[in-house]
Amino acid sequence: MADITGDQRIQSEVLEGLATAVNHRRWFVELALPHLGDNPIEIGSGLGDYAIEWSEHLPKFTATEADPDRLILLKERMAEYPTIDVRQMLLPAQDAKAEYSAAVSYNVLEHIEDHVGALRSMKELVRPGGKVIIIVPAFMFAMSQVDIATGHIRRYTKKTLGAAFTEAGLEIEKLHYANALGLIGYYTATSIFKLAPKEGPMVKIYDSLVLPVTKAAERVVRPPFGQSVFCVGRVPR
């Protein structure tokens, strides 16, 4: 079983802090939207921030959580959104059916020891021709005490994430780094100043001033590095 590692309390604190980074979230929402289809499932929805924004563009959306306590909070919050179904799910999913148009998972795969097995399980949830969409943190040199406390087993490069997709039997359609300046800021904050990415003035300044410039630049030129790796894989027909 693909257990998700990490201190759930610290994970929740970080999630709550990053929820204030609205521009960052909307950028990553936009990256996945063209690939979600009409009935996607999210693996590891956390507080549901991404699920809510994706659901505004879709007729149906399924949000999931593995942690029972966070699942209760997720269900309470999603009660206001009739197009969002909430399920408890821990990979590999039991009795998985290929009923979804896509499986999307942001910042979850790095917590899972058997990440190839997790990708295979996501693939089994998706109809042939559908997509598996992943964002993970990039570059092992940026592994910090924050990563360790939140249960990160690894950070990725394009090469290592692409290899995991290929081994899982997925056909890679998109694979690139995102948020180059974010990697510099994250490394400086967490590895040099030993700070956690929680709510505060630095997150707000970065999100309101730095991130829009980074997003605009990366629409023109894909950077050779980034805070995250984004990958879309097609389920073979």
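Residues numbered from 1 in each chain as written. Predicted model: local features only at pLDDT ≥ 70, side-chain atom pairs only at ≥ 80, totals over all residues. Heavy atoms only, no water.

Asker: Provide a residue-level description of the sheet that holds strand 7 (residues 228–234), including the pertinent values.
Answerer: Strand order in the open sheet formed by seven strands is 3-2-1-4-5-7-6, and the pairing between neighbours is mixed. Across the chains shown, the open sheet's two edge strands, defined by having one partner strand only, are strand 3 (84–88) and strand 6 (171–178). Summarising the sheet, strand 4 (residues 100–106) and strand 5 (residues 126–137) pair through six bridges and their orientation is parallel. In the strand pairing of strand 5, Ala 103 is matched with Val 132. Helix-sheet contacts for helix 4 (residues 68–78) involve strand 2 (61–65) and strand 3, and the interaxial angle to strand 3 is about 170°. (Pairing = 2+ DSSP bridges. Helix = DSSP H or I, 4+ residues; strand = E, 2+ residues; numbered from the N terminus. Contact = heavy atoms within 4.5 Å. Axes fitted to C-alpha atoms, helices over the stretch in contact; angles between N-to-C directions.)

Asker: Outline the packing of aromatic side chains, listing residues and values.
Answerer: Each aromatic ring pair is summarised here by two numbers: the centre-to-centre distance and the angle between the ring planes. Here the structure, examined in full by the defined rule, presents nine aromatic pairs. Seen from their ring centres, Phe 139 and Phe 141 are 5.7 Å apart, and the 35° between their planes marks the pair as tilted. With a centroid separation of 5.1 Å and 25° between ring planes, the pair formed by Phe 139 and Tyr 177 is classed as stacked. Linking Phe 139 in the loop between strand 5 and helix 6 (145–149) with Tyr 177 in strand 6, this pair joins segments that are 38 residues apart in sequence. Exposure remark for Phe 139: the relative accessible area of 16% places this residue in the buried category. Counting every residue linked through ring pairs, the aromatic cluster contains Trp 27, Phe 28, Tyr 50, Trp 54, Phe 61 and Tyr 106. (Phe/Tyr/Trp six-rings, centres within 6.5 Å; stacked < 30°, edge-to-face > 60°. Buried < 20%, exposed > 50% of the residue type's maximum accessible area, 1.4 Å probe, protein only.)

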